[in-house]
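Each chain, letter by letter, is given below.
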Amino acid sequence: GDSVTQMEGPVTLSEEAFLTINCTYTATGYPSLFWYVQYPGEGLQLLLKATKADDKGSNKGFEATYRKETTSFHLEKGSVQVSDSAVYFCALSGPNNAGNMLTFGGGTRLMVKP
Amino acid sequence: KAGVTQTPRYLIKTRGQQVTLSCSPISGHRSVSWYQQTPGQGLQFLFEYFSETQRNKGNFPGRFSGRQFSNSRSEMNVSTLELGDSALYLCASSSGIGETQYFGPGTRLLVL
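What counts and what doesn't
Residue positions are given per chain, counting from 1 as you read along its sequence in written order. For naming, the first written chain is A and the first written ligand is 1, with later ones following in the order written. Since the coordinates come from a predicted model, pLDDT governs what is reported: local features require at least 70, and pairs of side-chain atoms require 80 or more to be given and counted, while whole-chain, interface and lining totals use all residues. Side-chain calculation: all heavy atoms of the structure are included, whereas hydrogens and water are not. Helix numbering and strand numbering both begin at the N terminus, where a helix is a DSSP run of H or I of at least 4 residues and a strand a DSSP run of E of at least 2. Restricting the calculation to C-alpha atoms gives the radius of gyration, and the globule rule supplies 2.2 Å times the number of residues raised to the power 0.38. A 1.4 Å probe rolled over the protein chains alone gives each residue an accessible area, and that area as a share of the maximum for its type sets the label: buried under 20%, exposed over 50%, partly exposed in between. By the convention used here, residues are in contact when the closest approach between their heavy atoms is within 4.5 Å. Here the Shrake-Rupley method, with its probe set to 1.4 Å, supplies the accessible areas, and only the displayed protein chains count as covering residues. By the counting rule applied here, Lys and Arg register as positive and Asp and Glu as negative, while His and the ends of each chain are not counted. One atom stands in for each charge, and that atom is NZ of Lys, CZ of Arg, CG of Asp or CD of Glu. The rule for a salt bridge is simple: a side-chain nitrogen of Lys or Arg has to be within 4 Å of a carboxyl oxygen of Asp or Glu. Two rings from Phe, Tyr or Trp (for Trp, the six-membered ring) form a pair when their centres sit within 6.5 Å of each other. Planes less than 30 degrees apart are called stacked, planes more than 60 degrees apart edge-to-face, and all others tilted. Strands pair, by our definition, only if DSSP identifies at least two bridges between them. Each axis is a line fitted through C-alpha atoms, and for a helix only the stretch in contact is used; angles between axes span 0 to 180 degrees, taken between their N-to-C directions. Within this analysis, patches are made of residues with over 30% relative accessible area and no salt bridge. Like charges are joined at 9 Å or less; nonpolar side chains (Val, Leu, Ile, Met, Phe, Trp, Tyr) at 5 Å or less.

Peer 1: Can you break down the overall build of chain B residue by residue, with the values?
Peer 2: If you tally the helices and strands in chain B, you get zero helices and eleven strands. Starting at the N terminus, the α and β elements of chain B follow one another as β-β-β-β-β-β-β-β-β-β-β. Taking 112 residues into account, the globule formula puts the C-alpha radius of gyration at 13 Å, and chain B, at 13 Å, falls close to it. The dimensions of chain B, computed from C-alpha atoms along their principal axes, are 35 × 25 × 25 Å. Burial statistics for chain B: of 112 residues in total, 51% are counted as buried. By sequence separation, contacts in chain B at least 24 residues apart represent 53% of the contacts at least 6 residues apart. Only carbon and sulfur atoms are counted for the fraction: they give 49% of the accessible area of chain B, which is about 5,300 Å². Here chain B contributes 11 positive and 6 negative side-chain charges, whose respective centroids are spaced 5 Å apart.

Peer 1: Residue-level account of the pattern of salt bridges, with values.
Peer 2: Going through the model one piece at a time under the given rule, you end up with eight salt bridges over all chains. Close ionic contact of Glu63 of chain A with Lys56 of chain A constitutes a salt bridge, the shortest N to O distance being 3.6 Å. A residue is classified by how much of its surface remains accessible, and Glu63 of chain A, at 33% relative accessible area, is partly exposed. Its salt-bridge partner being Arg67 of chain B, residue Glu75 of chain B comes within 3.3 Å of it at the nearest N-O pair.

Peer 1: Before we move on, can you summarise the packing of aromatic side chains with the specific residues and values?
Peer 2: Aromatic ring pairs are defined here through the distance separating the ring centres and the angle between the ring planes. In this structure the tally under the stated criterion is twelve aromatic pairs over all chains. On the numbers, 5.6 Å between centres and 85° between planes, the contact of Phe104 of chain A with Tyr35 of chain B is edge-to-face. Of the two residues, Phe104 of chain A is situated in strand β11 (residues 103-104) and Tyr35 of chain B in strand β4 (residues 31-38); the pairing between them involves two chains. You'll find Phe104 of chain A and Tyr35 of chain B in the same group, each marked buried. Ring centres of Tyr35 of chain B and Phe45 of chain B lie 5.6 Å apart, and the angle between their planes is 65°; on these two criteria the pair is classed as edge-to-face. Residue Tyr35 of chain B is found in strand β4, and its partner Phe45 of chain B is found in strand β5 (residues 42-50); the two are separated by ten residues along the sequence. Taking relative accessible area as the criterion, Tyr35 of chain B reaches 0% and is therefore assigned buried.

Peer 1: Before we move on, could you go through the sheet that holds strand β9 (residues 75-77) of chain A and cite the residues and values that matter?
Peer 2: Residue and element names in this part refer to chain A. A sheet is described by the order of its strands in space; here four strands give the open sequence β3-β9-β8-β7, paired in antiparallel fashion. Of all the strands in the sheet, the pair left with one neighbour each is β3 (19-21) and β7 (56-59). Taken over all neighbouring pairs, the strand axes of this sheet differ in orientation by 15° on average, direction set aside. Sheet topology note: the β7/strand β8 (residues 62-65) ladder contains four bridges and is antiparallel. From the neighbouring strand, Gly57 faces β8, where its bridge partner is Ala64.

Peer 1: Give a description of a nonpolar patch on the surface that names residues and reports values.
Peer 2: Residues and elements named next belong to chain B. On the surface, a cluster of nonpolar side chains totalling about 300 Å² of accessible area is made up of Ile12, Leu110 and Leu112. Within the fold, Ile12 resides in strand β2 (residues 10-13). Its relative accessible area of 59% is what places Ile12 among the exposed residues.

Peer 1: Can you explain the sheet that holds strand β7 (residues 64-68) of chain B? Please cite residues and give values.
Peer 2: Residues and elements named next belong to chain B. Within the open sheet, the four strands sit side by side as β1-β3-β8-β7. Their pairing is antiparallel. Only two strands of the sheet have a single partner each, and these edge strands are β1 (5-7) and β7. Strand-to-strand, the axes of this sheet are offset by a mean angle of 20°, without reference to chain direction. Pairing geometry for β1 and strand β3 (residues 19-24), over three bridges, is antiparallel. Within β3, the residue paired with Gln6 across the bridge is Cys23.

In structure tokens, the structure reads:
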């Protein structure tokens, strides 16, 4: 079945550092790919998405490019802030699903220190 | 537009009891999905409803059930609660297949 693998955290960075969170997936066909963020005590918020190969999703300074050849969707940000501290989830919605089922990675906790 | 709302936000039950959680989707959204989030298993898909029909179901025992009403509001029920059912239950709504899913704040269930 479909699966998503994320780098394990926590990732601890200083403010203004460069961020990369790795995400790779296994799926048949061409899934849609997503990054969600979860702040303490809250639900998930969609950060960005890409629906086809070579698409780049971007939002709030975060970017991720859909790489079909490496089955990856790594999340990057050039300069993190303390307010970016949260848990980040990579997810996919497979083309073989009859609906909107999301398959999530295990999540990566990001801690940004001032 | 108001976001996805879930009630109650917190719940404490004892083993063997049953519980019903409610989710009100964003106005106009007809798809509602449910997920269970635990530290050990992460985020796992429970089921999805669209226009009152279950469209997808995850790998959970029959104790977990759900339904959707004509106004798109959804409920999920867990019968004969077990300690391992303690989790954050998240609901998400979308306007259709392949459309962005918006999550609610979740219901945190503690089973004692």
